[in-house]
Structures are given as structure tokens and as C-alpha cells.
Amino acid sequence: MRYLLNTLYVLLLIVASPWLIVAAVRQGKYRAGWREKLLGLVPVRSGTAPCVWIHAVSLGEVSLIASLVRELRARRPDCEIAISTTTLTGRALAKGRYPELCVFYCPLDFSWAVRRAIARLRPSVLVLAELELWPNLISECRRVQVPVAIVNARLSDRSFRGYGRFEWFARQLLSMVDVIAAQNELYAQRFRALCAPPEVVRVTGSLKFDGAETDRGNPATQELRRLAGFSGEDIVFLAGSTQDPEEQLVLATFKRLVSAHPRLRLVLVPRHPERFSAVAEVLAASGVPWQRRSELENAPPRPDCRVLLVDRVGELAAWWGTATIAYVGGSMGAREGQNMIEPAAYGAAVSFGPRTRNFRDVVQVLLSQRAAVVVREQVELTAFVRRCLEDPAYAADLGQRARSVVASQLGATRRTLELIERLLPEQGVSDTTRNAA
């Protein structure tokens, strides 16, 4: 099987190479980490302490695992933690948040690359975030008796149908997984329907809720408020994880309302750093005074600027804490939504577009509790923001409902970690000792 997969991967890499080259030249993607990706030359781990290898594909997954990493370090200080990512932005965030940990690019699923990576890292358990079912990686872990856990596991409609077409393959793959910690019962049923062993599938809830900050007074948010020059009278309308054309829609809403509400401030946080320049061009053409967040490092905010473009990676979670009114981007296009839990946890009045399939379960619980609003076009977005401005009690009630929803969903980290700990050696027992036994 691995030879067939290797051949398939090589063919796919050849077919995709023109697109990869263009993306590398134009956007700076896919330039780094090829020794790790193609050859498995990840850092060599010394010592015999147990090691938890957590694979978090991109920016979102790195943010997702924060509560898991925090609790694992507190409960198992004897364990080393290694974090792998696939994307440049994911690696940058992991490096920034965990400078003391081993952070590296995950090898591509070539058998020689994953075999070398496992030999160099010597993990005690491999933890995959959400749904990263790489056959060679999982089978190589099974070969050398490294347990595999999928945490915050989800199976979208599309993924479920896709794996269902190859049920024999899914059955074989899932039979090599030791723990599947599903976000909800629907996803758990889908894993069981794909013939995952029933005893390994558990419903633990979503880590997204546990990872959200709820205190607006946290140091990171307070520092950003100071940098931006926000006062207590300012009303911050923040649009985060935006994609084209959402910035134009949000900006149009701001321009329509700011004259009647001079304390309104707009913060734009594009999802992808390669779009910072394009969004800056939109702002420059709008006629609205604006400023880049990067300029605030060396100069105070300009009093005439009511619009801020956040051109820094990894700060969105803290910026949400400044928002009174929130629009969660990636929900009016093909992206199918971004994380709306973070603004909800802070008690912001949360809105998002109709395309939120990636966060369907979160959206369902928020809407069922009247804790968020769906805006289908720019006119509805403007109406929502206007109502929040003209009826502060409405915005406050919406925010309190959102905060309560998040509080009711907490506990997934603890339940997930209990499952992972069963796969680890007991405290005081090294991996060498366990393997010898």
C-alpha cells in the first residue's frame, strides 16, 4: 500500500508543481521546510522523557490546541511536547507562542519521510488535530507501536461522503487509530459508520470553546487597546478573518454609519497575510483616514484615523477583546466560515455571513440561543451594526447570551486529555522503560 501511495503522492506533486511555484514566487508560500517535508529531517530529540507530538495543520489548528498544550504541561510536566504544522503562518504562530518547544514542519506523507521523522523525534503518542488522516504516517506509527489520537475530531458532510466511497480504505485506516475524541455525537456516529472501532470513539466536545479567552482585561488585549488609542467611549466594530470582498462590505457599513456615530472605530483583520497589501489599497482608495497596526510600534495612533488595518499574524484572538460589535469573516464567500467562538467568549455582539459550514455545530448552538446574527449581504450587515449602535441594550444582551453559550460548552480539554493520558506511560516511567517492558 505504501508504494502505491508514494507513487500517487509523487504524481500529485508533479501536477501541482506549477501552481506551487507560482504561489512561492508571488505569495512567498511553500518556500521553507522542504528538508523536513520531503526528507523527514525534523529535529532530533535527545533524552528518554515521554514525548507528545501534536500535529496542527495551520493557523486555526495552532490556536485550537492552546488549551490542550497548557493543560498537558500542567498535568504532565514530565512530558516533552513537539508541535508540527503544514503552513508557514501556522509555524510562525507556533514558534511565537511556544519558543521553548520543538516546532517543525510536518513531513509529507511519503513513507521514507514519516519513517525518518518518527525515528528522529521518537514520540510516545501522535495527536492529530481535527481530521488529518495521513495513511503512511498513521501506519508507520502503528508499526513502531506509537499510539495515535485524533482530537477535536470532525467529519463534515463532504469528508464523510468522500471516505464513504472508499469504505475499505477508511476501515483499514481508522482501525490503526487508538482514540477518536469527537466534537459531538453526529461526528462520532459518522466515524462509527466508517467502521472505526466503537470503543475508540468518544464524544468530548469542542476544544475551540476551551481555548477562548473570556477576560477583556487580559494583558494582550489591554496592550492592543493602548497601542490603538482606544478610549472608554469608543465603540469598536471589528471584522476578523476577512476575505475578499468582505473588507469592502465592512468598510461601506462603517462609512454609512460613522457620521452619525463619531465614536465608532473600525478594525480590519484579514485572514491571510498576503492580502494585507490588497486591503491597504482598498483603504487608500476609500478616502477614509486609516492606519496600519505595524505603524503603531514606532509612532502613536493618529487622532484623525478611525480605521485600523491589523497587518500582524497571530493577534486576532486578543483584538477580539476590544470589540463591541463583531463580524466574523470568511462567511460570505467560498471559505465557509471562521472561528466565531473567540468574539462570543468576550461577549461581543457577534455577526457572520451565511456560509459557515466549517463551524456548523458552533453556529447551530449560537443561533439556537439567539446569541449571534446571520447577515446575508452588506445591507443586513449595516442594519445589524446600526441596531447595535442605536440600541446598546440589544448589543449587550446579544453579547451576554454569546458569553453564556461559551461557558456552557467548557470542559472538552479535560475530557480529551484524560483519553490522551491513557496512551502515555505513567509519570516517572520513561519511554525507554516502557518499551523495554
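Read on for an overview of the structure. (Residues numbered from 1 in each chain as written. Predicted model: local features only at pLDDT ≥ 70, side-chain atom pairs only at ≥ 80, totals over all residues. Heavy atoms only, no water.)

Quick notes on the overall build of the protein chain
- Across its full length, the protein chain carries 21 helices and 14 strands.
- By residue count, 53% of the 437 residues in the protein chain fall in the buried class.
- Sequence separation of 24 or more characterises 68% of the internal contacts of the protein chain that already satisfy a separation of 6 or more.
- As displayed, the protein chain offers around 19200 Å² of accessible surface, 54% of which is attributable to carbon and sulfur atoms. (Helix = DSSP H or I, 4+ residues; strand = E, 2+ residues; numbered from the N terminus. Buried < 20%, exposed > 50% of the residue type's maximum accessible area, 1.4 Å probe, protein only. Contact = heavy atoms within 4.5 Å. Areas by Shrake-Rupley, 256 points an atom, 1.4 Å probe, with all protein chains shown as cover.)

Some words on the nonpolar core
- Judged by nonpolar contacts, the single largest core of 38 residues is most densely connected at Leu238, Val267, Trp319, Trp320, Met340, Phe352 and Leu366.
- Apart from the residues within four sequence positions on either side, tryptophan 319 is in contact with Leu224, Ala228, Phe230, Leu238, Val267, Arg293, Leu308 and Val310.
- Counting residues in hydrophobic clusters, the runner-up holds 37 residues, among them Leu121, Val146, Met176 and Val177. (Core = buried A, V, L, I, M, F, W, Y, C linked by side-chain atoms within 4.5 Å.)

Looking at the pairing of strand E9 (residues 264-270)
- With 7 of 7 residues buried, E9 lies mostly within the body of the structure.
- Where burial is concerned, the two faces of E9 agree: the one with Leu264, Leu266, Leu268 and Pro270 and the one with Arg265, Val267 and Val269 are both buried.
- Two strands pair when backbone bridges link them, and strand E8 (residues 235-242) and E9 are joined in this way by 7 bridges, in the parallel orientation. Residue pairing across strands places leucine 238 opposite valine 267, the latter belonging to E9.
- Each parallel crossover has a hand, and for E8 linked through helix H13 (residues 246-257) to E9 it is right-handed.
- Sheet topology places E9 next to strand E11 (residues 307-309); 3 bridges connect them, and they run parallel. Across the sheet, residue valine 267 finds its bridge partner in E11, namely leucine 308. (Pairing = 2+ DSSP bridges. Right-handed = clockwise from strand over helix to strand, strands pointing away.)

Quick notes on the packing of H13 against helix H14 (residues 276-286)
- One can describe the packing of H13 onto H14 by two numbers: an axis separation of 11 Å at closest approach and a directional angle of 30°. If you check the angle between H13 and H14, you find them roughly parallel. Along this stretch, H13 crosses H14, giving a crossing that reads as right-handed. For the pair H13 and H14, the contacting residues are Glu247, Gln248, Leu251 and Lys255 in the first and Val279, Val282, Leu283 and Ser286 in the second.
- Here the residues of the contact of H13 with H14 are counted per class, giving 4 nonpolar, 2 polar and 2 charged. (Axes fitted to C-alpha atoms, helices over the stretch in contact; angles between N-to-C directions. Parallel < 35°, antiparallel > 145°, perpendicular 65-115°, else oblique. Left-handed = near helix turned anticlockwise from the far one by under 90°. Nonpolar A, V, L, I, M, F, W, Y, C, P; charged D, E, K, R; others polar.)

A few points about empty space enclosed by the protein
- What the rule picks out here adds up to 1 cavity of 30 Å³ or more.
- Taken together, Ala228, Phe230, Arg265, Leu266, Gln291, Leu296, Pro301, Arg302, Cys305, Arg306, Val307 and Leu308 make up the full set of residues lining the largest cavity.
- When residues of the lining of the largest cavity are traced back to their parent elements, those giving at least two are E9 and E11.
- Here the lining of the largest cavity is built from residues that sort into 8 nonpolar, 1 polar and 3 charged. (1 Å grid on protein atoms, 1.4 Å probe; cavity = no way out; pocket = protein on both sides within 12 Å on 5 of 7 lines; lining within 4 Å. Points joined across faces, edges and corners; volume = space filled by probe spheres on them.)

Here we look at the sheet that holds strand E2 (residues 80-85)
- On the basis of which strands lie adjacent, the open sheet formed by 7 strands has the order E3-E2-E1-E4-E5-E6-E7 and parallel pairing. The sheet is open, and its two borders are formed by strand E3 (102-105) and strand E7 (201-203), each paired with just one other strand. In this sheet, adjacent strand axes meet at a mean angle of 20° when their direction is disregarded.
- Pairing analysis gives 4 bridges linking E2 to E3, with the strands arranged parallel. From the neighbouring strand, threonine 85 faces E3, where its bridge partner is tyrosine 105.
- Sheet contacts for helix H5 (residues 88-97): E2 and E3; angle to E3, the most-contacted strand, approximately 175°.

Some thoughts on the pattern of salt bridges
- Applying the stated criterion across every chain, the model contains 26 salt bridges.
- A salt bridge links arginine 73 to glutamate 100; the nearest nitrogen and oxygen atoms lie 2.6 Å apart. You can see arginine 73 sitting in helix H4 (residues 66-75) and its partner glutamate 100 sitting in the loop between H5 and E3, a full 27 residues away along the chain.
- Exposure remark for arginine 73: the relative accessible area of 35% places this residue in the partly exposed category.
- Arginine 190 is paired through a salt bridge with aspartate 157; the nearest N and O atoms lie 2.4 Å apart. With arginine 190 in helix H10 (residues 185-193) and aspartate 157 in helix H8 (residues 157-164), this pair connects stretches of sequence that are 33 residues apart.
- In this structure aspartate 157 comes out as partly exposed when scored by relative accessible area, which is 22%.
- Where salt bridges share partners, they join Asp234, Arg263, Arg265 and Arg306 into one cluster. (Salt bridge = Lys/Arg side-chain N within 4 Å of Asp/Glu carboxyl O.)

Some points on the side chain of threonine 204
- Its location among the elements puts threonine 204 in the loop between E7 and helix H11 (207-210).
- Taking relative accessible area as the criterion, threonine 204 reaches 3% and is therefore assigned buried.
- Not counting residues within four places of it along the chain, the set of residues in contact with threonine 204 comprises Ala181, Ala182, Ala412, Arg415, Thr416 and Leu419.

As for the packing of aromatic side chains
- Using the criterion set out here, one finds 4 aromatic pairs in the structure.
- Look at phenylalanine 110 and tryptophan 112: their rings are 4.7 Å apart centre to centre, the planes differ by 10°, and that puts the pair in the stacked class.
- Note on tryptophan 168 and phenylalanine 169: the rings are 5.8 Å apart at their centroids and 70° apart in plane angle, and the pair reads as edge-to-face.
- Taking NZ or CZ as reference, lysine 37 lies 5.1 Å from the ring centre of tryptophan 34, over its face.
- Against the face of tyrosine 394 rests arginine 387, its NZ or CZ located 3.7 Å from the ring centre. (Phe/Tyr/Trp six-rings, centres within 6.5 Å; stacked < 30°, edge-to-face > 60°. Lys NZ or Arg CZ within 6 Å of the ring centre and 35° of its normal.)

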